[in-house]
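Residue strings, one per chain:
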Amino acid sequence: MSKFDVVIPCHPKDSQNLTQTVKSLRNLKDKNRTYIISPSPIDLNIPDEYYNISDSEFDDLFTINQIKERWTRECEKFAYRSSWVYQQLIKLFCYQKIQDLTECFLFLDSDTMIARNIDFDINKFQYSIPQENHQYYKNSYKKMTGLDAQNFSFISHHMMFKKEYLSEMISHIENLHNDTFFNVLLNSIEYDTQSPFAEQEMYGNWMYEKHNDLCERRQLKMTDIGAIPTDLQLIRLGVDYDLVSSHAWLRGIEAR
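Right, let's walk through the structure included here. Per chain, the residues get numbers from 1 upward, laid out in the order the sequence is written. Only residues with pLDDT of at least 70 get local features here, since the model is predicted, and only at 80 or more are side-chain atom pairs given and counted; chain-wide, interface and lining totals rely on the full set of residues. As a rule here, side-chain values cover all heavy atoms of the structure and leave hydrogens and water aside.

1. Examining the pairing of strand β4 (residues 104-108)
At step 1: Across the five residues that make up β4, a large majority, five, are buried.
At step 2: Accessible area is worked out with a 1.4 Å probe on protein chains only. A residue is then buried under 20% of its type maximum, exposed over 50%, and partly exposed in between. Each helix is a run of DSSP H or I of at least 4 residues and each strand a run of E of at least 2, with the numbering of both proceeding from the N terminus. A two-sided burial pattern is seen for β4, the buried positions comprising Cys104, Leu106 and Leu108 on one face and Phe105 and Phe107 on the other.
At step 3: Criterion used throughout: strands pair if DSSP finds at least two bridges between them. In this structure, strand β1 (residues 4-9) lies alongside β4, joined through three bridges in parallel fashion. Considered in β4, the bridge of Val7 is made with Phe107.
At step 4: Sheet analysis places β4 next to strand β7 (residues 158-162), joined by five bridges and oriented antiparallel. Across the sheet, Phe105 pairs through a bridge with Phe161, a residue of β7.

Structure, rendered in structure tokens:
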């Protein structure tokens, strides 16, 4: 198996969880470099090597304030979710900003830990199907790409991206609308909900539609917990699960 980089965007509310997330990457035998994208450098005080990338690197493409201003005009009630959409844009465009990023790279939510080794075949698009199936995500995909989404979801708190196919998808959207991806997104999402867009849903549906021969369902075992696990707890969880998420909302935290 070829080595792949890992990219983790991090909001300040998830910085506590981030230490365990980065440490958990030791379980991935094919991991190469780790990049953390955040507003300011993060020092986790652990021996694991990682590279800080400032989210200001993306300012020429989009900013969180641009998203918040539009959302405030459309539906101020949910404008606090701008940071959530902003992180998803970072995942989709990080390949344009991180020098020497591997052709295939794994994005991982900052509150999700690798409980045991997962073998990734970077020559395929491997996906898991969750129980959730959010229609707003499919609506955005349809508006942006002109294509129908599948009747299942691709959301799994991680995803292996390939630069070639990300570029292909973004170019398709920009050519279809004769506008930037960012503007198309702002004009496509529905603002009367907390969760109008998902980058995993977009890329997963694109791959399933355009590169179905590369798609392989590989159902990982995942669980959500209401606390950040200790090293020992994560080892124990690794007996039964591949991925463990301690979401901020489960811990009583929400960014506003």
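2. Let's talk about the packing of helix α4 (residues 135-145) against helix α6 (residues 181-188)
When two helices pack together, their arrangement is given by the angle between their axes and by how far apart the axes lie.
At step 1: The interhelical angle for the contact between α4 and α6, taken along N-to-C directions, is 130 degrees, at an axis separation of 9 Å. With respect to α6, the axis of α4 lies oblique. Here α4 and α6 pass one another in a crossing that is right-handed. Residues Ser140, Lys143 and Met144 of α4 form the contact with α6, whose participating residues are Phe181, Val184, Leu185 and Ser188.
At step 2: All residues other than Ala, Val, Leu, Ile, Met, Phe, Trp, Tyr, Cys, Pro, Asp, Glu, Lys and Arg, Gly among them, are scored as polar; the first ten of these are nonpolar and the last four charged. The residue inventory of the contact of α4 with α6, partitioned by class, reads four nonpolar, two polar and one charged. Orientation is described by lines fitted to C-alpha atoms, with helices fitted over the stretch in contact, and by angles between N-to-C directions that extend from 0 to 180 degrees. Angle categories: roughly parallel below 35 degrees, roughly antiparallel above 145, roughly perpendicular from 65 to 115, and oblique for all the rest. Here is the rule for handedness: rotate from the far helix to the near one, and if that takes an anticlockwise turn smaller than a right angle the crossing is left-handed, while a clockwise turn gives right-handed. We call two residues in contact when some of their heavy atoms are within 4.5 Å.

3. Here we look at the sheet that holds β1
At step 1: Taken together, five strands build an open sheet; the order of strands is β3-β2-β1-β4-β7 and the sheet is mixed. Strand pairing shows two members of the sheet lacking a second neighbour, β3 (51-54) and β7, which therefore form its edges. Across the sheet, the axes of successive neighbouring strands diverge by a mean angle of 30 degrees, strand direction being ignored.
At step 2: Pairing analysis gives five bridges linking β1 to strand β2 (residues 31-38), with the strands arranged parallel. Across the sheet, Ile8 pairs through a bridge with Ile36, a residue of β2.
At step 3: Sitting on the sheet, helix α3 (residues 82-93) is in contact with β1, β2, β4 and β7, with an inclination near 160 degrees to β1.
At step 4: Seen against the sheet, helix α7 (residues 199-210) touches β4 and β7 and runs at an angle of roughly 50 degrees to β7.

4. Overview of the pattern of salt bridges
At step 1: Any Lys or Arg side-chain nitrogen located within 4 Å of an Asp or Glu carboxyl oxygen qualifies as a salt bridge. Inspection of every chain in the model, using the stated rule, returns 12 salt bridges.
At step 2: The partner of Asp231 in a salt bridge is Lys23, and the shortest N-O contact between them spans 3.0 Å. Taken together, the residues span a long stretch of sequence, with Asp231 in helix α8 (residues 231-237) and Lys23 in helix α1 (residues 15-24) at a distance of 208 residues.
At step 3: Residue class for Asp231 comes out partly exposed when judged on its relative accessible area of 42%.
At step 4: Residue Lys23 is classed as buried on the basis of its relative accessible area, which comes to 18%.
At step 5: When the shortest N-O distance is used, the salt bridge between Asp119 and Lys29 registers 3.3 Å. In this pair, Asp119 sits in the loop between β5 (112-114) and β6 (125-127) while Lys29 sits in the loop between α1 and β2, placing the two residues 90 residues apart along the sequence.
At step 6: By relative accessible area, Asp119 is classed as partly exposed at 39%.
At step 7: In this structure Lys29 comes out as partly exposed when scored by relative accessible area, which is 47%.
At step 8: Bridged by salt links that share partners, the residues Lys29, Asp30 and Asp119 form one connected network.

5. Some details on the packing of aromatic side chains
At step 1: The pairing test for Phe, Tyr and Trp rings, Trp by its six-membered ring, is centres within 6.5 Å, and the orientation test on the planes gives stacked under 30 degrees, edge-to-face over 60, and tilted for anything in between. Tallied over the full model, the rule gives 21 aromatic pairs.
At step 2: With a centroid separation of 5.9 Å and 25 degrees between ring planes, the pair formed by Phe58 and Phe62 is classed as stacked. Just as Phe58 is buried, Phe62 falls in that class too.
At step 3: Each ring, one from Phe107 and one from Phe161, has its centre 5.6 Å from the other, and the planes form 25 degrees; the classification is stacked. You can see Phe107 sitting in strand β4 and its partner Phe161 sitting in strand β7, a full 54 residues away along the chain.
At step 4: Connected via pairs of aromatic rings, a cluster forms that spans Phe105, Phe107, Phe125, Tyr127, Phe152, Phe154, Phe161, Tyr203 and Tyr208.
At step 5: Note that Arg81 overlies the ring of Trp84, its terminal NZ or CZ placed 4.5 Å from the centroid.
At step 6: Here the basic side chain of Arg218 rests over the ring of Phe120, its NZ or CZ set 5.2 Å away from the ring centre. By definition, being over a ring means that NZ of Lys or CZ of Arg is both within 6 Å of the ring centre and within 35 degrees of the ring normal.

Geometry only, nothing functional implied.
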